Structures are given as structure tokens and as C-alpha cells.
Amino acid sequence: MTSQFVSRWRGADLGRPIPEERHAVSVCLPRWRDNVGYEEGDPAVTGTMQCGYPRFFFHPDTARLFAECERQLARPGECAVAFPSERVARRCADFVARETGSAVRVGACFDERIHAVLMPLAARDTAKAFWQHAGEIIPSRQAVALLEGPATASDGAREKQALRERVAQLQGCSAEDVYLFPSGMAAIFTAYRLFQQLRPEHRSIQFGFPYVDNLKIQQRLSQVRPVERACSFFPRGTKSDLEEVARLAATESLLGLFVELPGNPLLGSPNVARLSELSLRHDFPLLIDDTLAACVNLDTLPVADVVATSLTKYFSGAGNVLAGSLVLNRERPYYERLKTLLAEEFEDIFYGEDAIVLERNSRDIAERIPRINANAARLCEFLAERPEVADVFYPARIDRANYERFLRPNGGFGGLFSVVLRDAAAKTERFFDALQIPKGPNLGTSFTLCCPFTLLAHYRELDFAESCGISRYLIRVSVGLEDSDWQIERFTEALRECRPN
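All of the points below concern the structure found in this document.

Considerations on the pairing of strand β3 (residues 78–83)
Then, in step 1: With six of six residues buried, β3 is to be regarded as a mostly interior element.
Then, in step 2: Side-chain alternation along β3 places E78, A80 and A82 on one buried face and C79, V81 and F83 on a second face that is also buried.
Then, in step 3: With six bridges connecting them, β3 and strand β5 (residues 114–120) associate as antiparallel partners. By the bridge assignment, A80 is partnered in β5 with L118.

A short note on helix α4 (residues 86–100)
Then, in step 1: For α4, built from 15 residues, the straight-helix expectation of 21 Å at 1.5 Å per residue is met to within 8% by its first-to-last C-alpha distance of 21 Å.
Then, in step 2: Those residues of α4 not exposed but buried are V88, A89, R91, C92, A93, F95 and V96.
Then, in step 3: Taken from the residues just after α4, G101 is the one with a positive phi, measuring 75 degrees.

Brief notes about the sheet that holds β3
Then, in step 1: Read across the open sheet, the three strands follow the order β3-β5-β4; overall the sheet is antiparallel. Unpaired on one side and paired on the other, β3 and β4 (105–109) mark the two borders of the sheet. Within the sheet, the average angular offset between the axes of one strand and its neighbour, ignoring direction, is 35 degrees.
Then, in step 2: In the packing of helix α3 (residues 60–73) onto the sheet, the strands contacted are β3, β4 and β5, and the crossing angle to β3 comes to about 125 degrees.
Then, in step 3: Strand contacts of α4: β3, β4 and β5, with the helix running at about 15 degrees to β5, the strand carrying the most contacts.

A closer look at the side chain of S279
Then, in step 1: The topology assignment puts S279 in helix α11 (residues 272–282).
Then, in step 2: Of the residues examined, S279 reaches a relative accessible area of 3% and is grouped as buried.
Then, in step 3: Polar side-chain contacts of S279 include one of 2.7 Å to the side chain of R332.
Then, in step 4: For S279, the residues in contact, after removing those within four places along its chain, are F284, L286 and R332.

Analysis parameters
Residues numbered from 1 in each chain as written. Predicted model: local features only at pLDDT ≥ 70, side-chain atom pairs only at ≥ 80, totals over all residues. Heavy atoms only, no water. Buried < 20%, exposed > 50% of the residue type's maximum accessible area, 1.4 Å probe, protein only. Helix = DSSP H or I, 4+ residues; strand = E, 2+ residues; numbered from the N terminus. Pairing = 2+ DSSP bridges. Expected span 1.5 Å × (residues − 1). Axes fitted to C-alpha atoms, helices over the stretch in contact; angles between N-to-C directions. Contact = heavy atoms within 4.5 Å. Polar contact = N/O pair within 3.5 Å; in protein donor to acceptor, adjacent residues only side chain to side chain.

Here it is, written out as C-alpha cells:
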């Protein structure tokens, strides 16, 4: 169990994959201005990018696949975005048609192994939004196999079963109740569709500030109109918010409640025990996204109807594959209904070669996470004492009792934290540019990784994010397996840039 040392923080590293692999799921954006340039579509930044996070950025191999679909299927003025099944493509087509009013159609290619949504060029960004929010994507390995021939003859069935059993062991359930997806967001989107089938005209609740697409699914992919009624959002997750949720649940039928434990990026822990009580009393399903609990730190399934996890993160640890899981709790009231709906709704679109990679990556998760927990706890303690630092957001420091209520006997507080500097507007850019650790999206890797989270996730809504307590200068750090002294020294050196001249 060793960390793959990754050196991706220099200006010359802009656009290079993190890690140095064809199918890496992160890209180096080493300076503050590079992140701004990426968000603004600056060709000086986007033109260098050899990859990106695959839900947000079409991998070059996936883009080549789209181009081939266009060659085979498109009419003049049309473009194509491809998906792993006809049902997924039709969901995208319906979304694009509803959002844009464009004429949209679906076509099969590559012997019907994939289906492409064909639409006017002006509608492409809307299809890309569906790709991002829904997460039901074609991964780059599958694109390469379709274009160049398969690298392996295996369908990954044996590895998928091993993965279901591994997730089941971590979650304390039967492998029969574990479902695998091509991303964590695809798992959440599937659960949302199930909830919609049960309560098609009712609003959902998002409790606590979530990762961006958890909220976008409920807002943009809802059947409820107007969209403002689709989801009630309680970004701070306070005691008074809990009381308001209780009032809503007592007066109307709710589609379901979504909550992260802990939250991303402020690492707070909502009172999930109370939310679970409300879900039982008022008869609505509860989904917990436990991704940041690193799969082994918390035991959340007993209080949830559904637990969703991005296996891209800590479960994999390698930063070279996207995946997600959905787990049903057979002891909760919604189990039979959700299980019955999944029998019809679920498609195995998790690509076999990705399953093979993920199974190999995840074998040492139980050994990796305790070391990551210890490194992160020590680094947070160090930063909290520094005069240059205004806030350190970490589960051990925020809503600790709510987190510890679900702590496993050998669990810890995870490997993710966020930091905001004093005099942040003046000093954050210098600090970030000087920080000599890999810089790009993603988290949960065996190597330390950081990004200016609010810039990347909420660039078009920075004022909204700040109204929810998320500073535009927040830096999110995912701690890896490197030597703890090395990690602290990297931050010490960068903090020197924050001292008065």
C-alpha cells in the first residue's frame, strides 16, 4: 500500500492528466487563473487539456466516438452525443427537447451497442448538461474499445460480482441489494427516478449544501413544473431547517429527502438521525450520499432507505475510473417498492473494463483509509493553528456529534477538508499558486489533490454559493497517503506567501 507520487502543480503541467494515464479522471489546473480560464472557456486553457473530469469534460476518446456517430448518423447541421443505451439516450433527448424546443432524434450505431442523440448544434450544451447531471455516460475505455477494438474480451461480470460483494461487506447488507453504475451521479439519478415514479408530482427536499449535481438533478431533471416547486433546498441544514422540514412533511406528501453525510464542501454533518425519524413518521424515502465518509468510516445504511456512493473517489483511490453504487436497506418501509421498480428500471450500463480496473483498485481500501484519516486529521490540526488561516472545515470540527453518531468502531473523520484564509481576497491566489501538491478536480485519491472548489463548481453562481456560506475563495483538499511531514511542509511553504511583505 503505497501512494503513487504525482507531481502536477507547475504552470507547465496545465492540461496534463492526473494521474499520468490515458483514462485519468482529473486534469491539472495549477494556477488560480487557470481555473478561471477553464470556467470562461479560454482557449489558452481549454486548448491544453488532455482530459478532464469525465462528466464535465468530454474525454478526447469519447469526443472521437461522438464524431464517428455524427459521421454515421447526422444530417447537415446536426451534432451527436452518444449514450450507453437507448433508454438513456431517450431520457437525454426528452430533456433536450423540453429545454430547447429543438427537433431531437435518437439513432443507433456500432451495431446498436450505443445510441446517439442527434440535435441542432445550438442544443449541444443542453445535452452536455444532461451528461453532467445524470452521469449515465460512455467512459473513455468503452469509446476506445468501440473505435479501436476491445482491449479485453471480458465483460467484467466476475469483477462486478466481486465489487457488489465488497460494497455489501462495507455497507453491511446483501450483495443482492447493491447496484453498480457508471458514476455516483448515475446512482443518485436512478434513485431520484424511482422516487418520481412513486410520487411523480411531489417536491423533493435537499437538506444541507450538496455537491452541485445532487441539487441539479432535483431541479433540472424533475417532472414537476414550474421547476421552482420541484425541490425545497435547505442549504445550511440548521435546527430551524429541521423544523421546517417537519412542518412540510406533516402538511404534504414528499417525493423524498436527499442528504450528504458529511457535506461537500463544508464537511458539515446534518442531524441525519432526526431526518430518519421524520421519514418514518411522515412516510417519505430518505437517500444518504455517504461518498465523503470514504466507504468505511460511517455506518449510515440503518437509517436510510437508500445509500448512494461515488466509487470514483475513496473506493477506487486511483483516479482512473468513474463508478457508483446504490444500496437498498431491506429493513426500511420502501424496500419492496424500490426493489420492484429497480427490477424494471435498472440497466447494467457499467462498462466491463471499468469494472475490472475498479475491482483491482479497491482491494486495499480497508488499509488505505485509516492512513488517509490520520494524515488529514494531523494536517487540519496544523492548519487550524496557523494565523494565516480563517477557517478549516472538517467533520471533526463541525457538527461532530452528528458525525460520530454513525462512526464505525475503527472509523475516522475522512480525508477531505476545506480551508479559507484570512484576508482571502488578497492572499488566496498567491497561496494556491504556491502550493506544491497536485491541483485538479476529483477527490479520494491515494495522492493529495486540491482545487478551488467554489470556482469550479459554482463559477456562474458565486453570489448564490456565498449566500449559502460557501466562500468563493474556498480551497478543497483531498489528503493522500504521502508522508504526513511532507504534506505539512507543502502547506507551510505556501502559507509563507501569505505573510506581509
